[in-house]
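Take a look at the letters that make up each chain.
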Amino acid sequence: AQRVTQPEKLLSVFKGAPVELKCNYSYSGSPELFWYVQYSRQRLQLLLRHISRESIKGFTADLNKGETSFHLKKPFAQEEDSAMYYCALFSGGYNKLIFGAGTRLAVHP
Amino acid sequence: EPEVTQTPSHQVTQMGQEVILRCVPISNHLYFYWYRQILGQKVEFLVSFYNNEISEKSEIFDDQFSVERPDGSNFTLKIRSTKLEDSAMYFCASSDPLALGEQFFGPGTRLTVL
């Protein structure tokens, strides 16, 4: 079965603290994974794609096929990082994104 | 920067009524999608559309649902006879054929069925 699991509904940290939002997936084949973010009153937008191995707004995510994980990390959280974060798996055979339940990141001053 | 637009932002309807949700995808994108998110639940795939036909649909997308690209710019989702459980946020998305997983989402239409 194709599935994305984000075990934490809410992650609450203080400004400057490290952040790790967990994502695990289940997929037979070579996965294509993404992190999408939704800031308050804004649309879902792409944050990171695993194939580009880039850092966006200080966030990075590494695909670990052995652990079937794609955790999102940032060494020093900022208040403006507060948002809903969704891990998503692109199922090429079915041409659709499969989303996790999302993790709300709250960064406190 | 081009964006996906959706209208209306909020639609309230009576159970059993037909609704049409409208989307204008990014102009050079060729793949179009509808997703929905019931309050407190996951974003769920409904349907993908390419070359004027459905390329994939979920089990949610039953005979009550249909999609159409009536002209060169609009992409619509029609629900024929709404049910209470259709109340949700509906998102339209589009993507370039070279990067199907990188989908650009609209702001959503909140559908409330009374």
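In case you missed it, the structure is sitting above this.
So, a few notes on the structure that sits alongside this text. Counting restarts for each chain, with residues numbered from 1 along the sequence as it is written. Key to labels: chains lettered from A, ligands numbered from 1, both in the order written. Reporting in this predicted model follows two pLDDT cut-offs: at least 70 for local features of residues, and 80 or more for side-chain atom pairs to be given and counted; totals over whole chains, interfaces and linings ignore these cut-offs and use all residues. Side-chain descriptors were evaluated using all non-hydrogen atoms of the structure, hydrogens and water having been removed beforehand.

## Digging into the pairing of strand E3 (residues 19-24) of chain B
Residues and elements named next belong to chain B. This is how the line gets drawn: To sort residues, take the accessible area from a 1.4 Å probe on protein chains only and compare it with the maximum for the residue type: under 20% means buried, over 50% means exposed, and anything in between is partly exposed. Helix numbers and strand numbers start at the N terminus; a helix is a DSSP run of H or I with at least 4 residues, a strand a run of E with at least 2. Following DSSP output, two strands are said to pair if at least two bridges run between them.
Only one face of E3 is buried, namely the one carrying Val19, Leu21 and Cys23, since none of Ile20, Arg22 and Val24 on the opposite face is buried. The pairing of strand E1 (residues 5-7) with E3 spans three bridges and is classified as antiparallel. Residue Gln6 lies in a different strand from E3, and its bridge partner there is Cys23. Relative to strand E8 (residues 75-79), E3 is paired through five bridges, and the arrangement is antiparallel. When the bridges of E8 are listed, Ile20 appears paired with Lys78.

## Thoughts on the packing of aromatic side chains
A ring pair, where both rings are aromatic, is described by two values, the distance of the centres and the angle of the planes. Stated formally: Between rings of Phe, Tyr and Trp, where Trp is taken as its six-membered ring, a pair exists when centres lie within 6.5 Å; planes separated by under 30 degrees are stacked, by over 60 edge-to-face, and by other angles tilted.
Applying the stated criterion across every chain yields a total of 16 aromatic pairs over all chains. With a centroid separation of 5.6 Å and an interplanar angle of 85°, the aromatic rings of Tyr36(A) and Phe105(B) are classed as edge-to-face. Placement of Tyr36(A) in strand E5 (residues 32-38) and of Phe105(B) in strand E10 (residues 104-105) is noted, with the two residues assigned to different chains. Residues Phe49(B) and Phe75(B) carry aromatic rings whose centres are separated by 5.2 Å and whose planes lie at 40° to one another, so their mutual orientation is tilted. Pair noted here: Phe49(B) is in strand E5 (residues 43-50) and Phe75(B) is in strand E8, with a separation of 26 residues, a long-range link. When its relative accessible area of 4% is taken as the criterion, Phe49(B) is described as buried.

## Things to note about the state of the cysteines
All names here are of chain A. Formally: Defined by distance alone, a disulfide is two cysteine sulfur atoms within 2.5 Å.
On inspection of all chains with the given rule, the structure shows two disulfides over all chains. Paired through a disulfide, Cys23 and Cys87 show a sulfur-sulfur distance of 2.0 Å. Here Cys23 and Cys87 share a disulfide; its torsion about the S-S bond, -65°, makes the bridge left-handed. Linking Cys23 in the loop between strand E3 (19-21) and strand E4 (24-26) with Cys87 in strand E9 (residues 83-91), this pair joins segments that are 64 residues apart in sequence. Using a relative accessible area of 0% as the deciding quantity, one classes Cys23 as buried.

## Re the pattern of salt bridges
Residue and element names in this part refer to chain A. Note the cut-off: A side-chain nitrogen of Lys or Arg and a carboxyl oxygen of Asp or Glu constitute a salt bridge if their distance falls within 4 Å.
This model, assessed by the stated rule, comprises seven salt bridges over all chains. Glu54 is the salt-bridge partner of Arg49, the closest N and O atoms lying 3.0 Å from each other. Residue classification places Arg49 among the partly exposed residues on the basis of a relative accessible area of 24%. The partner of Lys74 in a salt bridge is Asp81, with the nearest N and O atoms 2.8 Å apart. Each member of the pair, Lys74 together with Asp81, is buried.

## Some words on the nonpolar core
So the rule is basically this: Grouping buried Ala, Val, Leu, Ile, Met, Phe, Trp, Tyr and Cys residues that are joined through side-chain atoms within 4.5 Å yields what is termed a nonpolar core. Contacts: residue pairs with any heavy atoms within 4.5 Å of one another.
By size, the foremost hydrophobic cluster in this structure holds 25 residues, and its most contacted members are Trp35(A), Leu47(A), Leu72(A) and Tyr85(A). Counting residues per element, the ones that place at least two in this core are strand E2 (10-14), E3, E5, strand E6 (45-49), E9 and strand E11 (103-108) of chain A. With four residues, the top contributor of residues to this core is E9(A). The residues contacting Leu72(A), other than those within four sequence positions of it, are Val19(A), Glu20(A), Leu21(A), Trp35(A), Leu47(A), Leu48(A), Phe59(A), Thr60(A), Ala61(A) and Tyr85(A). One finds Ile26(B), Ile38(B), Phe65(B) and Val67(B) within the second-largest nonpolar core, a separate group that totals 23 residues.

## Some words on the pairing of E5(B)
Residues and elements named next belong to chain B. Burial of E5 is extensive: six of the eight residues sit out of reach of the surface. Two elements, strand E4 (residues 31-37) and E5, share seven bridges in a ladder whose sense is antiparallel. Across the sheet, Gln37 pairs through a bridge with Val43, a residue of E5. If you look at the hairpin formed by E4 and E5, you'll find five residues sitting between the two strands, and Gly40 has a positive phi there, around 85°. In this antiparallel pair of consecutive strands, E5 and strand E6 (residues 53-57), the connection spans two residues, and Asn51 shows a positive phi of 55°.

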